[in-house]
Amino acid sequence: MDYFKHINDTFGHLLGDKTLITVAGAIKNCLRQVDSFGRFGGEEFVAILPETNLEDAETLARRICQVINKLNIEIDRQKVRVTASIGVATFSTQDNNLEEVIERADRAMFAAKNQGRNRVSLGKTV
């Protein structure tokens, strides 16, 4: 999620927690039963999409960005809107383990943030 620390600092941890829960639920609703999903740390999440090519993963990531962008999160008349910057990478024959794929996706996520946030960036294999 983009600017999650600002949500916690401005509105408090109760709304921050509700934001995490709401966003996680919205993402999970976009995924298939065979996909794995979880919180990776702080305001970061990871989804593992078996047998999904880069184009389909990018399409899903763009849909997730749109879904998150439409969420209205509120506690005690305090409302927040959130966006997400998403990095997408797929497993290639050059990868030795899943950590390499996640690292590539992480670099792509930071590229999305550096390009203005609320977008998807692809982690290309070398």
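The notes below deal with the structure included here.

Remarks on helix α2 (residues 13-30)
Part 1 of the reasoning: Between the first and last C-alpha of α2 there are 26 Å, a value that for 18 residues agrees with the 26 Å anticipated at 1.5 Å per step.
Part 2 of the reasoning: Buried-residue contacts for α2 involve α1 (4-11), β1 (36-41), β2 (44-48), α3 (54-69), β3 (73-75) and β4 (78-80).

Regarding the packing of aromatic side chains
Part 1 of the reasoning: Under the defined criterion, the tally for this structure stands at one aromatic pair.
Part 2 of the reasoning: Ring plane angle 15 degrees and centroid distance 5.5 Å describe the contact between Phe37 and Phe45, whose orientation is recorded as stacked.
Part 3 of the reasoning: With relative accessibility at 22%, the residue Phe45 sits in the partly exposed group.
Part 4 of the reasoning: In this arrangement the basic side chain of Arg117 is found over the ring face of Tyr3, its NZ or CZ atom lying 4.2 Å from the centre.

A short note on the layout of surface pockets
Part 1 of the reasoning: Put simply, the largest pocket is a space of about 760 Å³.
Part 2 of the reasoning: Elements with a minimum of two residues in the lining of the largest pocket: α2, β1, β2, α3, β5 (86-88) and α4 (98-114).
Part 3 of the reasoning: Among the elements that take part in the lining of the largest pocket, α4 stands out by supplying seven residues, more than any other.
Part 4 of the reasoning: Tallied by class, residues from the lining of the largest pocket come to 26 nonpolar, four polar and four charged.

Description of the pattern of salt bridges
Part 1 of the reasoning: The full count for this structure, using the stated rule, is seven salt bridges.
Part 2 of the reasoning: Between Asp95 and Arg104 there is a salt bridge whose closest N-O contact spans 2.9 Å.
Part 3 of the reasoning: It is possible to trace a salt-bridge network through shared partners that takes in Asp2, Lys113 and Arg117.

Focus on the environment of Asn114
Part 1 of the reasoning: Relative to the elements of secondary structure, Asn114 occurs in helix α4.
Part 2 of the reasoning: For the pair Asn114 and Glu51, spaced 63 residues apart in the sequence, the C-alpha separation amounts to 29 Å.

Overview of the environment of Val46
Part 1 of the reasoning: Relative to the helices and strands, Val46 resides in strand β2.
Part 2 of the reasoning: Residue classification places Val46 among the partly exposed positions, given a relative accessible area of 22%.
Part 3 of the reasoning: Sequence spacing of Val46 and Ala105 is 59 residues, and the spatial spacing of their C-alpha atoms is 9.2 Å.
Part 4 of the reasoning: In contact with Val46, other than residues within four places in its own chain, are Ser36, Phe37, Gly38 and Phe40.

Focus on α3
Part 1 of the reasoning: Given a rise of 1.5 Å per residue, 16 residues ought to cover 22 Å, and the 22 Å separating the end C-alpha atoms of α3 matches this to within 8%.
Part 2 of the reasoning: When α3 is considered as a whole, its buried residues turn out to be Ala57, Glu58, Leu60, Ala61, Ile64, Cys65 and Ile68. Take α3 and look down its axis: the buried residues cluster within an arc of 160 degrees, on one side only.
Part 3 of the reasoning: For α3, the secondary structure elements touched by its buried residues are α2, β5 and β6 (120-122).
Part 4 of the reasoning: The N-cap residue of α3 is Asn53: its side-chain oxygen and the backbone nitrogen of Glu55 are 3.2 Å apart.

Calculation criteria
Residues numbered from 1 in each chain as written. Predicted model: local features only at pLDDT ≥ 70, side-chain atom pairs only at ≥ 80, totals over all residues. Heavy atoms only, no water. Helix = DSSP H or I, 4+ residues; strand = E, 2+ residues; numbered from the N terminus. Expected span 1.5 Å × (residues − 1). Contact = heavy atoms within 4.5 Å. Phe/Tyr/Trp six-rings, centres within 6.5 Å; stacked < 30°, edge-to-face > 60°. Buried < 20%, exposed > 50% of the residue type's maximum accessible area, 1.4 Å probe, protein only. Lys NZ or Arg CZ within 6 Å of the ring centre and 35° of its normal. 1 Å grid on protein atoms, 1.4 Å probe; cavity = no way out; pocket = protein on both sides within 12 Å on 5 of 7 lines; lining within 4 Å. Points joined across faces, edges and corners; volume = space filled by probe spheres on them. Nonpolar A, V, L, I, M, F, W, Y, C, P; charged D, E, K, R; others polar. Salt bridge = Lys/Arg side-chain N within 4 Å of Asp/Glu carboxyl O. Arc of directions from axis to C-beta. Polar contact = N/O pair within 3.5 Å; in protein donor to acceptor, adjacent residues only side chain to side chain.

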